[in-house]
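The lines below spell out each chain.
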Number of protein chains: 2
Amino acid sequence: MAELTKIALDAMGGDNAPVEMVKGAVDAVSREKSIKVYVVGQEEVVRKELEKYTYDKDRIEIVGATEVIETAEPPVNAIRKKKDSSIVVGMKMVRSGEADAFVSAGSSGAILVGGQTIVGRIKGVERPPLAPLIPTEKGVSLLIDCGANVDARPSHLVQFAKMGSIYMEHVMGVKNPKVAIVNIGAEEEKGNALVKETFPLLKEAKGINFTGSIEAREIPHGQADVIVCEAFAGNIILKLFEGVGAVLISKVKEGMMSSLRSKIGALLVKPALKETLKGFDTSEYGGAPLLGLKGLVVKTHGSSKAREVSNSILQCLTFREQRINEKIQECIQADDSSDE
Amino acid sequence: MAELTKIALDAMGGDNAPVEMVKGAVDAVSREKSIKVYVVGQEEVVRKELEKYTYDKDRIEIVGATEVIETAEPPVNAIRKKKDSSIVVGMKMVRSGEADAFVSAGSSGAILVGGQTIVGRIKGVERPPLAPLIPTEKGVSLLIDCGANVDARPSHLVQFAKMGSIYMEHVMGVKNPKVAIVNIGAEEEKGNALVKETFPLLKEAKGINFTGSIEAREIPHGQADVIVCEAFAGNIILKLFEGVGAVLISKVKEGMMSSLRSKIGALLVKPALKETLKGFDTSEYGGAPLLGLKGLVVKTHGSSKAREVSNSILQCLTFREQRINEKIQECIQADDSSDE
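Keep in mind that this is a model prediction, so the values were computed, not measured.

Enquirer: Explain the nonpolar core to me, please; I cannot follow it from the model alone.
Expert: As a rule of thumb, nonpolar side chains are buried together in soluble globular proteins. Ranked by internal contacts, the top residues of the largest apolar core, which has 182 residues, are Ile-219 of chain A together with Ile-219 of chain B. Ignoring sequence-local partners within four residues, the contact set of Ile-219 of chain B consists of Leu-240 of chain A together with Ile-134, Thr-136, Val-182, Ile-214, Ile-227, Ile-237 and Phe-241 of chain B.

Enquirer: What is the right way to look at a positive patch on the surface in this model?
Expert: Residues and elements named next belong to chain A. On the surface, Arg-80, Lys-81, Lys-83, Lys-92 and Arg-95 cluster together into a positively charged patch. Tracing the chain through its elements places Arg-80 in helix 3 (residues 75-81). The class for Arg-80 is exposed, based on a relative accessible area of 53%.

Enquirer: When you look at the environment of Thr-117 of chain B in this model, what are you seeing that I'm missing?
Expert: Among the structural elements, Thr-117 of chain B can be located in helix 5 (residues 108-119). The sequence separation of Thr-117 of chain B and Val-76 of chain B amounts to 41 residues, and the corresponding C-alpha distance is 9.5 Å.

Enquirer: Help me understand the relation of the copies chain A and chain B in this model?
Expert: Copies of the same chain, two in number, are related to each other by a rotation about an axis and a translation along it. The transform that puts chain A on chain B rotates by 180° and translates by 0.0 Å along the axis, for an RMSD of 0.0 Å. Such values leave the two copies arranged in the relation of a two-fold axis. Taking C-alpha positions as the reference, the residue of chain A nearest the rotation axis is Gly-265 of chain A, at 1.9 Å. The fraction of interface residues of chain A whose copies in chain B are also interface residues reaches 100%, indicating that both copies meet through the same surface.

Enquirer: I keep staring at the domain arrangement of chain A and nothing clicks. Help me out?
Expert: Interfaces are frequently sized by the accessible area removed from exposure as the parts join. Residue and element names in this part refer to chain A. In terms of domains, chain A is made up of domain 1 (1-125 + 292-340) and domain 2 (131-281). Centre-to-centre separation of domain 1 and domain 2, based on C-alpha positions: 25 Å. With 16 residues of domain 1 at the interface, the matching set in domain 2 holds eleven residues. Buried surface at the junction of domain 1 and domain 2, summed over both partners, amounts to about 1200 Å²; 67% is from carbon and sulfur atoms. Where domain 1 touches domain 2, the interface holds zero salt bridges. At the surface where domain 1 touches domain 2, the tally comes to three residue pairs in polar contact (both at pLDDT 80 or more). If you list the elements that add at least two residues to the side of domain 1 that touches domain 2, you get helix 5 (108-119), helix 10 (306-321) and helix 11 (324-339).

Enquirer: Would you explain the pattern of salt bridges in this entry?
Expert: A side chain of one charge can pair with a side chain of the opposite charge when the charged atoms of the two come close. Residues and elements named next belong to chain A. This model, assessed by the stated rule, comprises 26 salt bridges over all chains. Close ionic contact of Glu-3 with Arg-320 constitutes a salt bridge, the shortest N to O distance being 3.5 Å. Of the two residues, Glu-3 is situated in the segment before strand 1 (5-10) and Arg-320 in helix 10; the sequence distance between them amounts to 317 residues. Sharing partners across several salt bridges, the network here consists of Glu-3, Asp-100 and Arg-320.

The rules we used
- Residues numbered from 1 in each chain as written.
- Chains lettered and ligands numbered in written order.
- Predicted model: local features only at pLDDT ≥ 70, side-chain atom pairs only at ≥ 80, totals over all residues.
- Heavy atoms only, no water.
- Core = buried A, V, L, I, M, F, W, Y, C linked by side-chain atoms within 4.5 Å.
- Buried < 20%, exposed > 50% of the residue type's maximum accessible area, 1.4 Å probe, protein only.
- Contact = heavy atoms within 4.5 Å.
- Patch = residues over 30% accessible without salt bridge, like charges linked within 9 Å, V, L, I, M, F, W, Y side chains within 5 Å.
- Areas by Shrake-Rupley, 256 points an atom, 1.4 Å probe, with all protein chains shown as cover.
- Salt bridge = Lys/Arg side-chain N within 4 Å of Asp/Glu carboxyl O.
- Lys, Arg positive; Asp, Glu negative; His and termini not counted.
- Charge placed at Lys NZ, Arg CZ, Asp CG, Glu CD.
- Helix = DSSP H or I, 4+ residues; strand = E, 2+ residues; numbered from the N terminus.
- Least-squares fit on C-alpha atoms with pLDDT ≥ 70 in both.
- Domains from an automatic or database assignment.
- Buried area = accessible area lost by both parts, 1.4 Å probe.
- Polar contact = N/O pair within 3.5 Å; in protein donor to acceptor, adjacent residues only side chain to side chain.

Right, here's the structure in full:
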């Protein structure tokens, strides 16, 4: 039997912890034989949740962590002070090799800080980007960075492009993924200072398929596989995607409920519509990896339910099987030696 | 009879020029008695279009301009060299007072450059922002700036907040409009360098109802009336709004057409749905004003059809009646004298 992929799961993070986290762990081990999940959190709380289910006892294990980091806590302080929190304990397991990956729906800030300070960066990686998949007309695109690297520098964006390409090619199976930089026009001379400086560097960068600028309007149409931007822009794109989607769907529902005639129509339309819109549901694609770390850290939505947690756990399997971190390391270090 | 509001319309700009521009002009004068439209463009072309309609000949006049500025032309050069283009001629009419406003669906870059160099800024205004209305769950919000002021400074954003408040209050009739700054979290300590510097200035600014940060997710829910950001972020927000909307609506249609059952349902749902989604159609709200100029310049979508052109023309009426520019001038100059 092949070695199990070991995932530490934060049982205490997110709006639906611990109920949906534990349920997600149980779901994941039942879907996939080659993983083991360490459920990290307050022992009694986790135990009580686990008692609700039957599961392979060899492949779910509780790891005690008495403290909980809240979403509103200043992240640097939280990571430093709460040594026995589920985030710190889970990340230490990744650093020591006890776990291959850590999955959390908890505080983004704490996960980003912990990723850098506890798990640590791969040598040569300047900033670890948070890279969620966003649904498009054609499938999914990787939006990189949506993390805490606001006011990033051009060299950071070039590394994001490279790490993102590796992820899309080897985890998502997209051949020669198209890389584009978010811009306010298609022409090279357009953009803010950061984009204007980064554009020529991306054009010259080896090993990526850079296709130029992408306007925000084109992103949902799936014109690029890897969408490069600094975190402030990335955060706007990610959140607005969710916001516009939610409002439009609610408008569609409201429209359908506005007359007797439309209500009858809605009953007939509903099943087909549900199926089509599923492709636009971000929870189907698991969480966002924090790339460039010595180990894998995955951030799932704060509002994650069991299905998304389970998908995020399974995503770690491909990441490890495809040796993504080794590939990132090779790519970044090849650059370092050719640059110097 | 009260004095007519005189609007110069660029007949040559936009994807649907001159056909939809001229049609929009005819529509506007038939909807509203107190306006006169100068249709600026190549005389023969415009004349031929106008011949299709019957209209009040006293209130539509052709103004000749032999040249056309293309969308792809570098704007500074275009404005400097093409002295007899519809944009330059129309803007000169505003500067000289022959027209109160200029409406164009042409090159954004050229309109922004022309606005600053030909029409000129109101004394004290550092940068004129382009401020479109975006549809929300509750109505509309003003997104300011979506123009060319990338890499703006904090003081620019404070002026945007003030000018935007005046517009929403006096043109759109929103009492004490809520002002928010686009940010990646709700807390004051979050954000990039620009937002962190601007936040305390907005808190102290007099005459605006500043409510703090707004995350992109909340924008479509209509949580603020005036949404302040620099142009790179604003452009992303505006374009993504359109992009996500277009893709989702096409997904909804696709879902409805996917089975016989759903097709029947779609027939029943369609009229109600159309009515509801109309509120989410940006063309209903006319164009985006370029605020802070000595005269009014309105940029409508490049893809504008007659209805949007007509709405953009009528919008100029309220702008003039409400003496928006005088109000902006008073507000900015009051600041100048209190600052110094």
